[in-house]
Amino acid sequence: MNPPPISDPRYNPNTVPPMSSSPMQGDGTGGVIPFKNPSALASYYIGLFSLLPILSYVMGPAAIVLGIKGLKYAKTHPIVKGQVHAWVGIVCGGLWTLVYYGFTFMMILSLLMR
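Computed from a prediction, not measured in an experiment: that's the story for all the values here. Think of each chain on its own: its residues are numbered from 1, step by step along the sequence as written. Only residues with pLDDT of at least 70 get local features here, since the model is predicted, and only at 80 or more are side-chain atom pairs given and counted; chain-wide, interface and lining totals rely on the full set of residues. Neither water nor hydrogens contribute to the side-chain values; these are computed over all heavy atoms in the structure.

**Describing the overall build of the chain**
Applicable threshold: Comment: elements are numbered from the N terminus, with helices defined as DSSP H or I runs of at least four residues and strands as E runs of at least two. The classification of residues rests on relative accessible area computed with a 1.4 Å probe and restricted to protein chains. Under 20% of the type maximum is buried, over 50% is exposed, and intermediate values are partly exposed. Surface exposure here means Shrake-Rupley accessible area, sampled with a 1.4 Å probe, where a residue is shielded only by the protein chains that are shown.
Scanning the chain from N- to C-terminus turns up 3 helices and 0 strands. Counting from the amino terminus, the chain carries its helices and strands in the arrangement α-α-α. For the chain, the proportion of its 114 residues judged to be buried stands at 24%. Here the chain displays about 8,400 Å² of accessible surface, and carbon together with sulfur accounts for 74% of that area.

**Observations regarding helix H2 (residues 56–76)**
Going by this rule: To estimate the expected span of a helix, subtract one from its residue number and multiply by 1.5 Å. The reported arc concerns the directions from the helix axis to the C-beta atoms and nothing else. In this analysis, two residues are considered to be in contact whenever any of their non-hydrogen atoms come within 4.5 Å of each other.
For H2, built from 21 residues, the straight-helix expectation of 30 Å at 1.5 Å per residue is met to within 8% by its first-to-last C-alpha distance of 30 Å. Looking at H2, one finds that the buried residues are Ser56, Met59, Gly60, Ala63, Gly67, Gly70 and Ala74. Here the buried residues of H2 occupy an arc of 100° about the axis, which is enough to place them on one side. Exposed residues on H2 whose side chains face more than 90 degrees from its buried face are Val58, Val65, Lys72 and Thr76. Buried-residue contacts for H2 involve helix H1 (38–49) and helix H3 (83–112).

**Describing the packing of H1 against H3**
Threshold: For every element, the axis is a line fit to its C-alpha atoms; helices are fit only across the contacting stretch, and the angle between N-to-C directions ranges from 0 to 180 degrees. Helix crossings are classified by the rotation of the near helix relative to the far one: an anticlockwise turn of less than a right angle makes the crossing left-handed, while a clockwise turn makes it right-handed. The classification used treats Ala, Val, Leu, Ile, Met, Phe, Trp, Tyr, Cys and Pro as nonpolar, Asp, Glu, Lys and Arg as charged, and all other residues, Gly among them, as polar.
For the pair H1 and H3, the least separation of the axes is 7 Å and the interaxial angle reads 30°. Every pair of crossing elements has a handedness; the one defined by H1 and H3 is left-handed. Counted together, Ala40, Leu41, Ser43, Tyr44, Gly47 and Leu48 of H1 and His85, Ala86, Val88, Gly89, Ile90, Cys92, Gly93 and Trp96 of H3 form the full contact between these two elements. By residue class, the composition of the contact of H1 with H3 is 9 nonpolar, 5 polar and no charged.

**Focus: the side chain of threonine 97**
Along the chain, threonine 97 turns up in helix H3. Look past the residues within four positions of threonine 97 in its chain and what remains in contact with it is Ser56, Gly60, Pro61, Ile64 and Gly102.

**Here we look at the packing of aromatic side chains**
Selection rule: Each aromatic pair joins two rings of Phe, Tyr and Trp (for Trp, the six-membered one) with centres within 6.5 Å, and gets the label stacked for planes under 30 degrees apart, edge-to-face for over 60, and tilted for any other angle.
What the rule picks out here adds up to 4 aromatic pairs. Ring geometry for tyrosine 57 versus tyrosine 101: centroids 5.2 Å apart, planes at 90°, classification edge-to-face. On the criterion of sequence distance, the pair formed by tyrosine 57 in helix H2 and tyrosine 101 in helix H3 is long-range, its members being 44 residues apart. For tyrosine 57, a relative accessible area of 26% gives the class partly exposed. We classify tyrosine 101 as partly exposed; its relative accessible area is 40%. Grouping aromatic residues by their ring pairs yields a cluster made of Tyr57, Trp96, Tyr100 and Tyr101.

Structural measurements only, silent on function.
Have a look at this one:
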């Protein structure tokens, strides 16, 4: 069997096939940083920065909400990663929310008990 003629662009061995630009394609980081799940990524960073005392009152609950959104998004789109980032955001945001709101509650209670 003879090879196809070189003049046909479909059979040219030197032609590079076009890249697929599918939106659900994996990312170049191997799933370490979930770029395709921005809610989980934002939850992760906001949850970590909710350690800061004044910011924790707003950032902790925001990390929880974004983490839940990130988990739902990862569940509906299986190729998108980010479950671990979402869970870290939920745990950190929840922990620091409890700590700082509990501290505030104890301060108010101690002032009222005087």
